[in-house]
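Topology and contacts: notes
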Amino acid sequence: MAEKQKKAVFGSLQPDVDPLLELNDLTAADFAPATSGEKEDFIQQRKSISYWADAWRRLRKNVVAMVALGVIVLLVLFAFVGPMLVPYGYDQFNAGAENLYPWHYSLEAQQAYKEATSSQDPDEAVAAAEAEAAARGEELSSKDKALIRAQAKAGGGAEYEGMSEEEIYKALGYSAQPFGYSNDELQRIADGEKVFPHVFGTDRYGRDIMVRTMFATRVSMIIGLTAALIVLVIGALYGSISGFFGGTVDVVMQRIVDVIYSLPDVLIILLIATAMSPHVTQFITDHQGFFLAEFFKKVGPNLMGMFIAFACLYWVGMSRIIRGQILTLKKQEYVTAARALGASSGRIIKRHLLPNCIGQIVATTCLQIPSAIFTESFMSFLGVGVLAPLTSLGSMCSDALGGISTYPYRLIIPAIIISIMILSFNLFGDGLRDALDPRLKK
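Residues numbered from 1 in each chain as written. Predicted model: local features only at pLDDT ≥ 70, side-chain atom pairs only at ≥ 80, totals over all residues. Heavy atoms only, no water.

**A look at the overall build of the chain**
Note the following rule: Strands are runs of DSSP state E lasting at least 2 residues, helices are runs of H or I lasting at least 4, and numbering of each runs from the N terminus. Any two residues whose heavy atoms approach within 4.5 Å are treated as being in contact. For accessible areas, the Shrake-Rupley method is used with a probe of radius 1.4 Å. Any residue's cover is judged against the shown protein chains and nothing else.
Helix and strand counts for the chain come out as 19 helices and 0 strands. Long-range contacts, defined as pairs at least 24 residues apart, comprise 75% of the intrachain contacts of the chain with a sequence gap of at least 6. Entry remark: accessible area of the chain is about 26,400 Å², with carbon and sulfur atoms responsible for 61%.

Here you go:
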């Protein structure tokens, strides 16, 4: 029976020599070189991947973020490619196509249908029929009068009994498929012309709502992306300087951030727009035809004031995130080595610190886009946004309030687009932040 191995006594300083004595049992075969097969089994060679490839791999596993990315791509196609496929302009008046419902009959056709199928006063119906007969030089018999009275009491002409709504419209002289077309456009279709339907209907000026929604989505996206880039540049620069130098510089710069945090952004936008309005108007008047004056004329002082407010106020969140990262990274060995080799502070920030914050920068920038879109939509809803005839989703919601009881779809459509856009950017930004964070690697 093999001798039991003695356990070391807790706290004893005597070394355990039994494992050392077992080395005497090794043979020369134990020291033979490993074969190629053994080497391949021992060392598993894996393909190295970059930081971005690894982040993309993690992002693809996030189903919610990928669905949000797909929605964003669809919105981009809707906003930038859609207007190329529709023959209408966002400011184009379509005479005779005013107040069309989405995929619906024109108002004139609806009125004719109502008159043909609604109940009438029997005496008024008989009087109208007698007047028409007298104009033709005829006289109604008592049988005709009784039939007219019966039809009026029954609610519409007997010839429409048992007919569907579409068949009644066709009997009244309207197309069997007039959805999204005005009467003039139906006549053009009958003449062989190709006319694009008003899928979302038209407003009181006959402007196609779908095209205006496309351009409004484009404006909101451009403003959101531009504001995010402004926040990225200013916030990253300010936060990196504050975190790298520290000390008194950091204290002073962070107190400035605290003061900016306390300023109401809506009030600042209104003040800047009010102060700039006369100067922008004077510039446009003095430089007629100049491309910058034409740009200011289309954009307006309100939108310019909004961009200035973004540059003045909205970068503080980004700066604090970058500052926190820089405070951690500047203590790393590679930063000390770069400083020992004589690298300047600007080079260390540009070449060593900011590249290592790229994940936080990208994620924070993406999350800034929905915030800017919401601010622009809110200000446009208040009337402090783009100038007519240019439109945005917020201004479309504001214009729709006047007829919300009659045309609720004019408010519902842009409101849904805003909600989907902001939700998609938020969900994708959250997924991007998780994918780019090295601490969340699995």
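**So, the nonpolar core**
Note the cut-off: Put simply, a nonpolar core is a bunch of buried Ala, Val, Leu, Ile, Met, Phe, Trp, Tyr and Cys residues held in one set by side-chain atoms that sit within 4.5 Å of each other. Each residue's exposure class comes from its accessible area (1.4 Å probe, protein chains only) as a fraction of the maximum for that residue type: buried when under 20%, exposed when over 50%, partly exposed otherwise.
In this structure, Phe310, Trp315 and Leu353 are the most contacted members of the largest nonpolar core, which totals 50 residues. Top contributing element to this core by residue count: helix H10 (residues 209-245), with 10 residues. By size, the runner-up hydrophobic cluster in this structure holds 31 residues, among which are Ala65, Ala68, Tyr101 and Leu393.

**Here we look at the packing of aromatic side chains**
Working definition: an aromatic ring pair is given by the centre-to-centre distance plus the angle between the planes. For the record, the criterion: Note on aromatic contacts: the rings of Phe and Tyr and the six-membered ring of Trp form a pair at centre separations within 6.5 Å, being stacked when their planes are under 30 degrees apart, edge-to-face when over 60 apart, and tilted otherwise. To sit over a ring, a charge needs its Lys NZ or Arg CZ within 6 Å of the ring centre and within 35 degrees of the ring normal.
This model, assessed by the stated rule, comprises 5 aromatic pairs. Measuring from ring centre to ring centre gives 4.8 Å for Phe310 and Tyr314, while their planes differ by 80°; the resulting arrangement is edge-to-face. Like Tyr314, Phe310 is buried. Aromatic pair Tyr407 and Tyr409: ring centres 6.3 Å apart, planes at 85°, arrangement edge-to-face. On the basis of relative accessibility, which here comes to 11%, the residue Tyr409 falls in the buried class. The ring of Phe215 carries the charged tip of Arg218 above its face, separated from the ring centre by 4.8 Å.

**A closer look at the packing of helix H4 (residues 63-85) against helix H19 (residues 409-436)**
Stated formally: To get an axis, fit a line to the C-alpha atoms, keeping to the stretch in contact for a helix; angles then go from 0 to 180 degrees between the N-to-C directions. Angles are sorted into four bins: roughly parallel if under 35 degrees, roughly antiparallel if over 145, roughly perpendicular if 65 to 115, and oblique for all others. Left-handed is the label given to a crossing in which the near helix is rotated counterclockwise from the far helix by less than a right angle, and right-handed is the label when the rotation is clockwise.
Close contact between H4 and H19 brings their axes to 8 Å; oriented N to C, the two are set at 135°. Between H4 and H19, the angle is such that the two are oblique. Note that H4 runs across H19; the crossing there is left-handed. Contact residues: Val64, Ala65, Ala68, Leu69, Val71, Ile72 and Leu75 in H4; Ile420, Met421, Ser424, Phe425, Leu427, Phe428 and Gly431 in H19.

**A look at helix H18 (residues 393-400)**
With respect to burial, H18 is a largely interior element, 6 of its 8 residues being buried. For H18, the complete set of buried residues consists of Leu393, Gly394, Ser395, Met396, Cys397 and Ala400. Buried residues along H18 sit against H10, helix H17 (358-381) and H19.

**Some words on the side chain of Arg410**
Just so we agree on the cut-off: In this tally Asp and Glu are treated as negative and Lys and Arg as positive; neither His nor the chain ends contributes. Counted as salt bridges are all cases of a side-chain nitrogen of Lys or Arg within 4 Å of a carboxyl oxygen of Asp or Glu.
Among the structural elements, Arg410 can be located in helix H19. It turns out Arg410 is buried and unbridged, and the closest side chain with the opposite charge, Asp203, is 6.2 Å from it. Apart from the residues within four sequence positions on either side, Arg410 is in contact with Asn99, Thr202, Asp203, Arg204, Ile209, Met396 and Ala400.

**Thoughts on the UniProt feature "transmembrane region" (unreviewed entry) in the chain**
We count it as follows: UniProt positions are given in the numbering used here, feature names are shortened, and annotations may be inferred rather than shown by experiment.
Per the UniProt annotation, the sites labelled "transmembrane region" (unreviewed entry) are residues 63-86, 215-238, 259-279, 299-317, 379-397 and 409-428. End-to-end, the C-alpha atoms of residues 299-317 are 27 Å apart, and along that stretch the chain is 89% helix and 0% strand. Taken end to end, residues 379-397 comprises 42% helix and 0% strand; its first and last C-alpha atoms sit 11 Å apart.

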